[in-house]
Amino acid sequence: MTSPKVDQANDELLAFLRTKRWFGDKARTIRAVSVRDSVPVEWPNSDKPFSVMRVDVQLDEGTSTYQVFIERGTGRINDALEDPDFLRGLIDAFVQDLAFEEGEGGVRWQFRSEGKGTLVAPPSAVIRLSSAEQSNSSVIVDGQAILKLFRKLATGTHPDVEVTRFLTIDRQFVHVPVLLGTITFEDAQEKESTVAGMLQELVPGAVDGWTYALAASRAYCGGRGDAAMPPFAVDADQLGTITRAMHETLASGDPGSDFERRPVDDSDLRAWTTQTRETIERAADSLRRALSTGSVPARSVEQAKSVVEASTRFVDRLSDGALAPGSDRGSKTRTHGDYHLGQVIRSSAGQFLIIDFEGEPGRPLYERRLKRSPLQDVASMMRSFHYAAHAAL
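Quantities reported herein were computed from a predicted structural model and do not represent experimental measurements.

Enquirer: Go over the overall build of the protein with me, naming the residues and quoting the values.
Expert: Of regular secondary structure, the protein possesses nine helices and 17 strands. Compactness check: the protein gives a C-alpha radius of gyration of 23 Å against a globular reference of 21 Å for 393 residues, within 12% of the reference. Its C-alpha atoms give the protein principal-axis dimensions of about 65 × 50 × 50 Å. A buried classification covers 45% of the 393 residues belonging to the protein. Put simply, 64% of the contacts in the protein that link residues at least 6 apart link residues at least 24 apart. Surface accessibility of the protein: about 20300 Å² in total, with carbon and sulfur atoms responsible for 50%. The distance from the centre of the 47 positive side-chain charges to the centre of the 56 negative ones in the protein is 5 Å.

Enquirer: How would you summarise the packing of helix H6 (residues 266–292) against helix H7 (residues 301–320) if you had to cite specific residues and measurements?
Expert: With their axes 10 Å apart at the nearest point, H6 and H7 run at an angle of 160 degrees to one another. Of the possible angle classes, the one that applies to H6 and H7 is roughly antiparallel. Every pair of crossing elements has a handedness; the one defined by H6 and H7 is left-handed. Where H6 approaches H7, its residues Thr273, Thr276, Arg277, Ile280, Glu281, Ala284, Leu287, Arg288 and Leu291 are matched on the opposing element by Val301, Ala304, Lys305, Val307, Val308, Ser311, Phe314, Val315, Leu318 and Ser319. Residue composition of the contact of H6 with H7, by class: 11 nonpolar, four polar and four charged.

Enquirer: Describe the layout of surface pockets, naming the residues involved and giving the relevant values.
Expert: There is about 1400 Å³ of room inside the largest pocket. For the largest pocket, the lining is made up of 40 residues, of which Gln275, Thr276, Thr279, Gln376 and Arg383 are closest to its centre. Secondary structure elements with two or more residues in the lining of the largest pocket: H6, H7, helix H8 (365–368) and helix H9 (375–391). Per-element accounting of the lining of the largest pocket gives the leading share, 12 residues, to H6.

Enquirer: Give me the packing of helix H4 (residues 209–221) against H9: which residues, what numbers.
Expert: Their axes nearest at 8 Å, the elements H4 and H9 cross at an angle of 50 degrees. On the basis of the axis angle, H4 is oblique to H9. The two elements H4 and H9 cross, and the hand of that crossing is right-handed. On H9, the residues touching Trp210, Leu214, Arg218 and Cys221 of H4 are Ser384, Tyr387, Ala388, Ala389 and Ala391. Its residues assigned to classes, the contact of H4 with H9 shows seven nonpolar, one polar and one charged.

Enquirer: Got a sec to walk through the pairing of strand E11 (residues 179–186)? Specific residues and values, please.
Expert: By the criterion of burial, E11 is predominantly enclosed, with seven of the eight residues buried. As paired elements, strand E6 (residues 108–113) and E11 share six bridges and run antiparallel to each other. Bridge assignment links arginine 108 to a residue of E11, and that residue is glutamate 186. In this structure, E11 lies alongside strand E12 (residues 194–201), joined through six bridges in antiparallel fashion. Bridging from a neighbouring strand, threonine 184 pairs with valine 195 of E12.

Definitions and limits used
- Residues numbered from 1 in each chain as written.
- Predicted model: local features only at pLDDT ≥ 70, side-chain atom pairs only at ≥ 80, totals over all residues.
- Heavy atoms only, no water.
- Helix = DSSP H or I, 4+ residues; strand = E, 2+ residues; numbered from the N terminus.
- Rg over C-alpha atoms; globule rule 2.2 N^0.38 Å.
- Buried < 20%, exposed > 50% of the residue type's maximum accessible area, 1.4 Å probe, protein only.
- Contact = heavy atoms within 4.5 Å.
- Areas by Shrake-Rupley, 256 points an atom, 1.4 Å probe, with all protein chains shown as cover.
- Lys, Arg positive; Asp, Glu negative; His and termini not counted.
- Charge placed at Lys NZ, Arg CZ, Asp CG, Glu CD.
- Axes fitted to C-alpha atoms, helices over the stretch in contact; angles between N-to-C directions.
- Parallel < 35°, antiparallel > 145°, perpendicular 65-115°, else oblique.
- Left-handed = near helix turned anticlockwise from the far one by under 90°.
- Nonpolar A, V, L, I, M, F, W, Y, C, P; charged D, E, K, R; others polar.
- 1 Å grid on protein atoms, 1.4 Å probe; cavity = no way out; pocket = protein on both sides within 12 Å on 5 of 7 lines; lining within 4 Å.
- Points joined across faces, edges and corners; volume = space filled by probe spheres on them.
- Pairing = 2+ DSSP bridges.

By themselves, these are just geometric observations and shouldn't be taken as functional.
Structure follows, in structure tokens:
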């Protein structure tokens, strides 16, 4: 079957992209937009013609690739995720592990179920696009599952799928929603596939950790509570226990595997020191610019100046202590990589579960998959606690 090509002008496609919250290059200089491939999608139970495209956006800094879904034959670019038939087809495709190709021997858009069971949504199931769309798009399946569709694509092993599969299928770790399926682009011209989506167990009635922490702590932090301890203290203890269990499980891989625990060496310390120094210097430079342009509120100017002045001391202290810990530098393992209260959910039964092992989306895949000290996750969560305490005031 020959592939139907998009006949809209590239400027129309760019205009479409700019209307989407998940399009992350709005503020950059865009040199060109082109359709790399367009895979025709015809669901067994719908007569509407759809396509899934990989769209290349050329920037001064390089090229970003996005996944776009459209309905063909309408004379304009229609977002297929707004069509109930398309949403239904997405979920039903996992039952048969469907695949669609761009012509004979072209790129393949492949569905695969994971684990022992296959999600079967009954005809009455409510399937809807989540309104909480950010860097990705999510489809909710009637209290059963959530399909995360990655919008910005990168070829290679995706940490969200890789880590979730290891924890929930290989190790049956109960504090992460189970991986149910994946969608990939598979191209004969590329050695590795590109993850396009992942289907995961949905926890009914769950609330994200940030929202829950604020609700539980607002009265206490505002001085209106009479409890001796913050109400969230018991929850924080539970979350700490689960975090430790997560890190122990992530370090339980076989020798030579991607989940093997390894000792930290001098090269690790030097690399982490360099990364931390660069982060401090970037933050200090941003603060200097804000001070010079008058962007810092008057009540915070003196504090901002003191932070800028202290940044040099912080960098010097890092350099002096880079190789100071002695012979035992601890271990490095796979980590969450972007751990904060927004990356955990609390079930209606009062249990915390950990989600979104994607890492920092702005970093390349290989960097997000590097082994690091688990203390980085701990520090990140502690910083999130600090933010929550201030937000609750």
